[in-house]
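Structural features, examined
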Amino acid sequence: MRTIFAALLSVPVLALSACQPSAGTDADPAAVTPVADAVPASATWALDPAASRIAFASIKATEAIETHFFPGLSGEINATGEASVTVPLDQVETKVDIRNERMRTMFFETDTYPTATISTAVNPADFTDLATGERRQTEIKGKLALHGAEAPLYVDAFVTRIAADRIEISSAEPVIVYVSDFDLDAGLEALREIAGLPSITSAVPVSFTFVFDAEV
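Summarised in this report is the structure supplied together with it.

So, how was this worked out
Residues numbered from 1 in each chain as written. Predicted model: local features only at pLDDT ≥ 70, side-chain atom pairs only at ≥ 80, totals over all residues. Heavy atoms only, no water. Helix = DSSP H or I, 4+ residues; strand = E, 2+ residues; numbered from the N terminus. Areas by Shrake-Rupley, 256 points an atom, 1.4 Å probe, with all protein chains shown as cover. Phe/Tyr/Trp six-rings, centres within 6.5 Å; stacked < 30°, edge-to-face > 60°. Buried < 20%, exposed > 50% of the residue type's maximum accessible area, 1.4 Å probe, protein only. Lys NZ or Arg CZ within 6 Å of the ring centre and 35° of its normal. Expected span 1.5 Å × (residues − 1). Arc of directions from axis to C-beta. Contact = heavy atoms within 4.5 Å. Salt bridge = Lys/Arg side-chain N within 4 Å of Asp/Glu carboxyl O.

**Some remarks on the overall build of the chain**
Within the chain, the regular secondary structure consists of 3 helices and 12 strands. Carbon and sulfur atoms make up 52% of the accessible area of the chain, which totals about 9900 Å².

**Here's the deal with the packing of aromatic side chains**
Evaluated as defined, the whole model comprises 4 aromatic pairs. Summarising the aromatic geometry, the rings of Phe208 and Phe210 are spaced 4.8 Å apart at their centres and angled 20° between planes, so their arrangement reads as stacked. The class for Phe208 is buried, based on a relative accessible area of 5%. Three or more aromatic residues joined by ring pairs form one cluster here, namely Phe56, Phe70, Phe107 and Phe108. The side chain of Arg53 reaches across the aromatic face of Phe69, ending 3.7 Å from its centre.

**Re helix α1 (residues 97-108)**
A rise of 1.5 Å per residue sets the reference length of α1, with its 12 residues, at 16 Å; its end C-alpha atoms lie 15 Å apart and thus fit the reference within 8%. Buried residues of α1: Arg99, Asn100, Met103, Phe107 and Phe108, and no others. Considered in projection along α1, the buried side chains sweep an arc of 105° and stay on one side of the axis. Buried residues along α1 sit against β3 (53-60), β4 (64-70), β8 (135-146) and α3 (185-195). The positive-phi residue at the C-terminal boundary of α1 is Glu109, with phi of around 55°.

**Description of the pattern of salt bridges**
The tally for this structure, following the rule as stated, stands at 9 salt bridges. Notably, a salt bridge pairs Glu66 with Arg99, separated by 2.9 Å at the nearest N-O pair. One end of the pair, Glu66, is in strand β4; the other, Arg99, is in helix α1, with 33 residues separating them in the sequence. Residue classification places Arg99 among the buried residues on the basis of a relative accessible area of 18%. Taking the shortest distance from any N to any O, the salt bridge between Glu150 and Lys143 comes out at 3.8 Å. When salt bridges that share partners are traced, they join Asp48, Arg166 and Asp213 into one network.

As structure tokens, then:
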């Protein structure tokens, strides 16, 4: 997939196996405290859907920008290091009911492709060694399965230990996803025609926040 970084999501996105410390962390050293109750590397981590979101933007007629998001995410990092986030495409929220329906039926075709999945293999020890309040920047490498197609995913992300048993993974920069990589061109053209627009950009900026809780 031709994925580049620009100045969101989400899906699932997660390859923490590349979690190498930056030259420094963004947390105030005085605010960083040791982890009171260390979580074993063998623990599983469950996504908190209420605190997690993938957001994206659409650019119409060259300069009109609208923002959208996916609620209801699910996911986990299991004891063997397999990580995944499932995106319920039929829950896409564009803040306009008729547009939600068109996105589901004409673009994502959720009757056939109800979900998208972001997956990778990780080493939990790479983030369980963070102290509470500490943040690390890393490159995430994984796969995005969407609309019957699959492509590699590369993301620059922050990993933050927000509690002894809770971590947050968020995009450091939006990721640009191209609809042509997932055979979504026809759906995009159908949306453009029915809305009477001169254009809808086929490059979509995506950002995400994923919060995971340890399940020991």
